[in-house]
Amino acid sequence: MRITLRLEEENDFAIVENLTREAFLNVYCPGADEHFLVHNLRKTNVFIKELDFVAINNDKIIGNIMYAEAAVKNKDLEYTVLTFGPVSVLPEYQNKGVGKKLINHTIKLSKEMGYKGIIIYGDPEYYKKFGFKLSKEYKITDKDKKFPAALLVLELSPNALNGIEGIFDEGKAYEIDKNEAEKFDKKFIAKENGYSKSQERFNELSNKYL
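Residues numbered from 1 in each chain as written. Predicted model: local features only at pLDDT ≥ 70, side-chain atom pairs only at ≥ 80, totals over all residues. Heavy atoms only, no water.

> How would you explain the packing of aromatic side chains if you had to name every residue and give the values?
The full count for this structure, using the stated rule, is twelve aromatic pairs. Summarising the aromatic geometry, the rings of Tyr-121 and Phe-168 are spaced 6.1 Å apart at their centres and angled 50 degrees between planes, so their arrangement reads as tilted. With a gap of 47 residues between them, Tyr-121 in strand 5 (residues 117-121) and Phe-168 in strand 9 (residues 166-169) connect regions that are remote in the sequence. Among the residues examined, Phe-168 registers a relative accessible area of 1% and is labelled buried. Seen from their ring centres, Tyr-126 and Phe-130 are 5.4 Å apart, and the 65 degrees between their planes marks the pair as edge-to-face. Among the residues examined, Phe-130 registers a relative accessible area of 11% and is labelled buried. Ring-pair connections join several aromatic residues into one group, and the members of that group are Tyr-67, Phe-84, Tyr-126, Tyr-127, Phe-130 and Phe-132. Over the aromatic face of Phe-13 sits the side chain of Arg-42, whose NZ or CZ is 3.9 Å from the ring centroid. (Phe/Tyr/Trp six-rings, centres within 6.5 Å; stacked < 30°, edge-to-face > 60°. Helix = DSSP H or I, 4+ residues; strand = E, 2+ residues; numbered from the N terminus. Buried < 20%, exposed > 50% of the residue type's maximum accessible area, 1.4 Å probe, protein only. Lys NZ or Arg CZ within 6 Å of the ring centre and 35° of its normal.)

Put into structure tokens, the structure is as follows:
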């Protein structure tokens, strides 16, 4: 399958929001709100449009990745890092290297842009192949000063995060008002919300601390 990447354009917005909804429907919880996150993220001052890429196959947008600036905070000190998500791929194109291509391409660009590291919440088994490590190795915690198994760190160059430790703060850009998300979802074709095994995996990682 031939996959090409390009920056997202304004004409893509609705397409990307719909594919994001399809990609995450019933994955982490019944329904999805990642498409609402995508809709809002573009409006924030931490959104990085230079890292907002779509994946295309046969002139069809099949995937997307979005980045924002976040921070590691330690008392009066604050260090800028990147975070990404959602990484969205239409269900029929998943497990075919689309997400991998989007992630590898934007990691390379992030390094070229001079950022020190990327911190995300994700599945360690998947993201370790991109070089992500458990946050505990860097003494970077969540807001509760704990080390969730899902909190992962990628150093973009050797020793780039030396001396940087503290609390990871995604920022308000990733906060979702559930009521507003439900209202936004009503603009889309109705879908059945339900249970999936991936929700068990998500709950397991969310409640596991190291």
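This is not the end of the story, as more comes after the structure.
> An account of the pattern of salt bridges is requested, with residue identities and associated values reported.
Pairing between side chains of opposite charge can happen when their charged atoms approach one another. A full pass over the atoms with the stated rule returns 15 salt bridges. The salt bridge involving Arg-6 is made with Asp-12; its shortest N-O contact spans 2.7 Å. Owing to a relative accessible area of 26%, Arg-6 belongs among the partly exposed residues under this scheme. In this structure, a network of salt bridges that share partners links the residues Arg-6, Glu-9 and Asp-12. (Salt bridge = Lys/Arg side-chain N within 4 Å of Asp/Glu carboxyl O.)

> Go over the nonpolar core, please, and point to the residues and values.
Within the largest apolar cluster, 40 residues are counted, with the highest numbers of intra-cluster contacts made by Tyr-67, Phe-84, Ile-107, Ile-118, Tyr-127 and Phe-132. For this core, the secondary structure elements donating two or more residues are helix 1 (13-24), helix 2 (34-41), strand 2 (53-57), strand 3 (60-74), strand 4 (77-89), helix 3 (98-112), strand 5 and strand 8 (151-155). Per-element accounting of this core gives the leading share, six residues, to strand 3. What Ile-107 contacts, discounting residues up to four positions off in sequence, is Tyr-67, Ile-118, Phe-130, Phe-132, Leu-154 and Leu-156. Counting residues in each nonpolar core, the second largest holds eleven residues, with Val-72, Ile-119, Ile-164 and Phe-168 among its members. (Core = buried A, V, L, I, M, F, W, Y, C linked by side-chain atoms within 4.5 Å. Contact = heavy atoms within 4.5 Å.)

> Which residues make up the packing of helix 1 against helix 2, and what values go with them?
At a closest axis distance of 7 Å, the pairing of helix 1 and helix 2 adopts a crossing angle of 150 degrees. Relative to helix 2, the element helix 1 lies roughly antiparallel. Regarding helix 1 and helix 2, the two cross each other, and that crossing is right-handed. Residues Val-16, Glu-17, Thr-20, Arg-21 and Phe-24 of helix 1 form the contact with helix 2, whose participating residues are Glu-34, His-35, Val-38 and His-39. Tallied by class, residues from the contact of helix 1 with helix 2 come to three nonpolar, three polar and three charged. (Axes fitted to C-alpha atoms, helices over the stretch in contact; angles between N-to-C directions. Parallel < 35°, antiparallel > 145°, perpendicular 65-115°, else oblique. Left-handed = near helix turned anticlockwise from the far one by under 90°. Nonpolar A, V, L, I, M, F, W, Y, C, P; charged D, E, K, R; others polar.)

> Got a sec to walk through the side chain of Asp-12? Specific residues and values, please.
Within the secondary structure, Asp-12 is located in the loop between strand 1 (4-7) and helix 1. Apart from the residues lying within four places of it in its own chain, the contact partners of Asp-12 are Arg-6, Leu-7, Val-54 and Ile-61.

> Any details on the layout of surface pockets? Residues and values, ideally.
When its volume is computed, the second largest pocket comes out at roughly 220 Å³. Around the second largest pocket sit Cys-29, Pro-30, Gly-31, Ala-32, Asp-33, Lys-178, Ala-181, Glu-182, Asp-185, Lys-186 and Asn-193, which together line it. Along the lines of polarity and charge, the residues of the lining of the second largest pocket split into four nonpolar, two polar and five charged. (1 Å grid on protein atoms, 1.4 Å probe; cavity = no way out; pocket = protein on both sides within 12 Å on 5 of 7 lines; lining within 4 Å. Points joined across faces, edges and corners; volume = space filled by probe spheres on them.)

> Provide a residue-level description of unusual backbone geometry, including the pertinent values.
At the junction of Gly-85 and Pro-86, the peptide bond is cis and its omega measures out at 0 degrees in the coordinates. Residue Lys-75 is not a glycine yet carries a positive backbone phi of 55 degrees.

> Summarise the pairing of strand 4; cite the residues concerned and give the values.
Looking at chain direction, strand 3 and strand 4 are connected through eleven bridges and run antiparallel. What sits directly across from Ile-65, in strand 4, is Val-87. Hairpin remark: strand 3 followed by strand 4, antiparallel, with two residues in the connecting loop; positive phi at Lys-75, about 55 degrees. (Pairing = 2+ DSSP bridges.)

> I'd like a rundown of the packing of helix 2 against helix 5 (residues 178-185), residues and numbers included.
Two elements in contact, helix 2 and helix 5, have axes whose closest approach is 9 Å; the angle formed by their N-to-C orientations is 95 degrees. Judged by the inter-axis angle, helix 2 sits roughly perpendicular to helix 5. Judged by residue contacts, His-35, Phe-36 and His-39 of helix 2 engage Glu-180, Ala-181, Phe-184 and Asp-185 from helix 5. Residues of the contact of helix 2 with helix 5, tallied by class, amount to three nonpolar, two polar and two charged.

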